[in-house]
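Given next are the chains, with one letter for each unit.
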Amino acid sequence: MKQNLLDFDAHALTAYFAEIGEKPFRAKQLMRWMYKEGESEFAAMTDIAVSLRDKLTQQACINVPTIMREELSDDGTRKWLLDVGTGNAVEAVYIPEATRGTLCISSQAGCALDCAFCSTGKQGFNRNLSVAEIIGQLWWANHQLGKNAEGNWAISNVVMMGMGEPLLNFDNTVSALRLMLDDHGYGLSRRRVTVSTSGVVPAMDRLREECPVALAVSLHAPNDALRDVLVPINKKYPLKELLAACRRYLEKAPRDFITFEYVMLDGVNDSVQHAHELVRLVREVPCKFNLIPFNPFPQTHYQRSRPDAIARFRDVLMQANIVTTTRKTRGDDIAAACGQLAGQVQDKTKRTMQRPVVLHR
Ligand code: SAH
Ligand code: SF4
């Protein structure tokens with residue numbers, strides 16, 4: 001089988017070139033074509049010797065996942081459904097804003113962690129995405145959106161907040177992150193690349209050592225009893241351990257705070273008492289809060305908190321000097337909002353036997 005060059009970070013690509021008897025600078029040249037120019041045909045790489053292009057054509061390929069569907073929301077949000085083979089598809093979402101273009105990407109087909117309020121979790125887990133499938137989402141988005149007047153790609157920020165738990169697909173996620181950061185790749189700054197985790201503590205420590213990018217942690221509850229229900233991995237890594245890992249992460253993080261995500265569920269975790277408990281809980285972690293109004297999906301019994309409850313909750317955090325934003329719901333007309341990404345996943349855990357997968361409009 002041909003080697004997909006999108007599966008390599010710079011280090012691995014250089015090693016591959018050495019193996020086929022080529023100099024290291026060739027790897028850099030190739031990366032520039034693939035990522036800076038968005039090229040997927042060796043034939044178009046005009047400054048590479050024909051003999052090397054022929055060799056690569058025989059042995060290698062630049063294989064991005066195919067786009068099955070593209071949807072455009074009224075607010076400019078775009079969603080792509082990407083075919084990752086064997087009946088699986090994952091989603092990537094582009095969110096345009098005045099000063100930046102953010103791409104939300106997926107790391108797994110499905111997710112094993114089964115958070116109570118998450119549509120991806122309800123589908124069960126099928127498999128980890130390859131490096132090519134992760135970086136391929138960025139490749140496609142840039143390809144579809146093109147470059148701006150200054151010659152830069154439209155995507156300035158990447159958040160790993162799509163389908164799946166990135167830290168449970170650690171190696172492939174880190175290789176893809178390195179391609180995002182690499183000068184010969186997308187050249188994004190560490191501050192503009194965010195990994196979101198539900199709290200896989202040992203992997204947070206590894207990320208700090210191997211590729212410290214901005215970190216968002218899905219907190220969602222102010223105590224272990226409630227978090228055990230909403231985010232079941234809390235039973236393995238309870239809040240005390242999670243918050244200690246957050247503090248350790250900050251020693252190397254590119255930003256001097258952790259972003260805590262907190263989904264606002266009506267009558268579940270959104271009272272003023274919960275907010276006060278939360279303030280006490282995070283006292284020793286420099287942080288910002290991002291309140292996410294719950295986005296409903298077909299098989300859920302949860303409801304979104306009322307706007308006045310969200311405002312009151314936010315005020316308690318702000319009074320304790322914690323910067324708090326409420327996430328605007330974007331692209332909900334195309335089911336592209338947080339936690340609504342479903343794709344199509346062949347569920348190996350058979351969780352969908354109990355709750356059927358509902359495909360998007
Ligand atoms: N697995 C990672 C990243 C993907 S989920 C994680 O859990 O952090 C990205 C964010 O969307 C997480 O904070 C997640 O809790 C939140 N989310 C999941 N389902 C949601 C829903 N239905 N409404 C709002 N936010 C949701
Ligand atoms: Fe997985 Fe994140 Fe969804 Fe939890 S919220 S089930 S960790 S994708």
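For clarity, every value in this text was computed on a predicted model and none was experimentally measured. (Residues numbered from 1 in each chain as written. Chains lettered and ligands numbered in written order. Predicted model: local features only at pLDDT ≥ 70, side-chain atom pairs only at ≥ 80, totals over all residues. Heavy atoms only, no water.)

Caption draft 1: Region of the structure containing the overall build of the protein. The helix and strand tally for the protein stands at eleven helices and 14 strands. On C-alpha atoms alone, the protein measures out to a radius of gyration of 21 Å, which is about the 21 Å that the 2.2 N^0.38 rule sets for 361 residues. Within the protein, the proportion of its 361 residues that are buried is 56%. Restricting to contacts in the protein with at least 6 residues of sequence separation, those with at least 24 account for 67%. Accessible surface for the protein amounts to roughly 15,700 Å². Of this, 50% is attributable to carbon and sulfur atoms. Between the averaged position of the 44 positive side-chain charges in the protein and that of its 41 negative side-chain charges there is a distance of 2 Å. (Helix = DSSP H or I, 4+ residues; strand = E, 2+ residues; numbered from the N terminus. Rg over C-alpha atoms; globule rule 2.2 N^0.38 Å. Buried < 20%, exposed > 50% of the residue type's maximum accessible area, 1.4 Å probe, protein only. Contact = heavy atoms within 4.5 Å. Areas by Shrake-Rupley, 256 points an atom, 1.4 Å probe, with all protein chains shown as cover. Lys, Arg positive; Asp, Glu negative; His and termini not counted. Charge placed at Lys NZ, Arg CZ, Asp CG, Glu CD.)

Caption draft 2: Quick peek at the pattern of salt bridges. Following the criterion strictly, the structure yields 19 salt bridges and no others. Between Lys79 and Glu91 there is a salt bridge; the shortest N-O distance is 3.2 Å. With Lys79 in strand β4 (residues 78-83) and Glu91 in strand β5 (residues 89-96), this pair connects stretches of sequence that are twelve residues apart. Using a relative accessible area of 1% as the deciding quantity, one classes Lys79 as buried. Put simply, Asp205, Arg208, Glu209, Arg248 and Lys252 are held in one network by salt bridges that share partners. (Salt bridge = Lys/Arg side-chain N within 4 Å of Asp/Glu carboxyl O.)

Caption draft 3: Quick look at the site of ligand 2. In the vicinity of ligand 2, the contacting residues are Cys111, Leu113, Asp114, Cys115, Cys118, Gly121, Gly164 and Ser198. A per-class count over the shell around ligand 2 returns four nonpolar, three polar and one charged. (Near = heavy atom within 4 Å. Nonpolar A, V, L, I, M, F, W, Y, C, P; charged D, E, K, R; others polar.)

Caption draft 4: Quick look at the nonpolar core. Counting 108 residues, the largest nonpolar core has Leu207, Phe260 and Phe289 as its most contacted members. Here this core gets eight residues from one element, more than from any other, and that element is helix α5 (residues 131-145). In this structure Phe289 touches Leu219, Phe260, Tyr262, Leu278, Val282, Leu317, Ile322, Val323, Thr324 and Thr325, once residues within four positions along its chain are discounted. (Core = buried A, V, L, I, M, F, W, Y, C linked by side-chain atoms within 4.5 Å.)

Caption draft 5: Geometry of the sheet that holds strand β12 (residues 258-264). The ten strands lie next to each other as β3-β4-β5-β6-β9-β10-β11-β12-β13-β14, forming an open sheet whose pairing is mixed. For this open sheet the edge positions go to β3 (66-72) and β14 (324-326), each flanked by a neighbour on one side alone. Each adjacent strand pair in this sheet contributes to an overall mean axis angle of 20°, direction not counted. Note: β12 against strand β13 (residues 287-293), seven bridges, orientation parallel. Paired with Met264 across the strands is Pro293, a residue of β13. (Pairing = 2+ DSSP bridges. Axes fitted to C-alpha atoms, helices over the stretch in contact; angles between N-to-C directions.)

Caption draft 6: Molecular detail of the site of ligand 1. If you check the shell around ligand 1, you find 20 residues, and the closest are Phe117, Gly164, Ser196, Ser218 and His220. Ser218 has a polar side-chain atom sitting 2.6 Å from an oxygen atom of ligand 1. For ligand 1, an oxygen atom lies 3.1 Å from a polar atom in the side chain of Glu261. Notes on ligand 1: free accessible area 530 Å², of which the protein chains cover 95%. Taken together, the elements giving at least two residues each to the shell around ligand 1 come down to β10 (193-197) and β12. Residue composition of the shell around ligand 1, by class: nine nonpolar, nine polar and two charged. (Polar contact = N/O pair within 3.5 Å; in protein donor to acceptor, adjacent residues only side chain to side chain.)

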